[in-house]
Amino acid sequence: MAIAEQRVAERKFLRGLYEDPYFPDQVLDQGVAILTALCERIETERPVDLAALYVLTDASTEEFNALEAAFEAAGSEIETVAREEIAEELWVIASAYGFAAADPERLVGARYW
């Protein structure tokens, strides 16, 4: 499914992490897939309020939790810089879909990192 919302369709997710050799591209690609899938789910399910949005972002955050093992296997981790970048991407996505009032911390509330 192609993402219809132009603000996220044209965005290079996790750009700052790709610029840092500490973060392996093959793992970041999986992170981009998680963020892209979140956009697709938002467009398909059309959450009506923040509570419904948080259900979707919690699922994406749990996927990032599972991705931590891939980061570690590649000699990296979801540390401060990565946490900030992932949280920012989730907020950008939420804002693009009309949820600018979303709490950035709550968007990643299910995180273990």
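Use the structure listed above.
Residues numbered from 1 in each chain as written. Predicted model: local features only at pLDDT ≥ 70, side-chain atom pairs only at ≥ 80, totals over all residues. Heavy atoms only, no water.

(A) Quick look at the nonpolar core. Formed by 35 residues in total, the largest nonpolar core has its most connected members in Val8, Phe13, Leu14, Ile93 and Tyr97. Secondary-structure elements contributing two or more residues to this core are helix 2 (15-18), helix 3 (25-45), helix 4 (50-73) and helix 5 (80-96). With 8 residues, helix 3 is the largest single contributor of residues to this core. Once residues lying within four places of it in the same chain are set aside, the contact partners of Ile93 are Val8, Phe13, Leu35, Leu38, Cys39 and Ile42. (Core = buried A, V, L, I, M, F, W, Y, C linked by side-chain atoms within 4.5 Å. Buried < 20%, exposed > 50% of the residue type's maximum accessible area, 1.4 Å probe, protein only. Helix = DSSP H or I, 4+ residues; strand = E, 2+ residues; numbered from the N terminus. Contact = heavy atoms within 4.5 Å.)

(B) Geometry of the packing of helix 3 against helix 5. Contact geometry for helix 3 and helix 5: axes closest at 11 Å, N-to-C directions at 20°. As summarised for this structure, helix 3 and helix 5 are arranged roughly parallel, according to the angle between their axes. The interaxial crossing formed by helix 3 with helix 5 has right-handed handedness. Mapping the contact onto sequence places Leu35, Leu38, Cys39 and Ile42 in helix 3 and Glu89, Leu90 and Ile93 in helix 5. For the contact of helix 3 with helix 5, a count of residues per class yields 6 nonpolar, no polar and 1 charged. (Axes fitted to C-alpha atoms, helices over the stretch in contact; angles between N-to-C directions. Parallel < 35°, antiparallel > 145°, perpendicular 65-115°, else oblique. Left-handed = near helix turned anticlockwise from the far one by under 90°. Nonpolar A, V, L, I, M, F, W, Y, C, P; charged D, E, K, R; others polar.)

(C) Spotlight on the side chain of Ser76. With respect to the helices, strands and loops of the structure, Ser76 is situated in the loop between helix 4 and helix 5. The class of Ser76 is buried, set by a relative accessible area of 5%. Polar side-chain contacts of Ser76 include one of 3.0 Å to the backbone oxygen of Tyr22. Apart from residues lying up to four places away in sequence, Ser76 is in contact with Tyr22, Phe23, Pro24 and Phe71. (Polar contact = N/O pair within 3.5 Å; in protein donor to acceptor, adjacent residues only side chain to side chain.)

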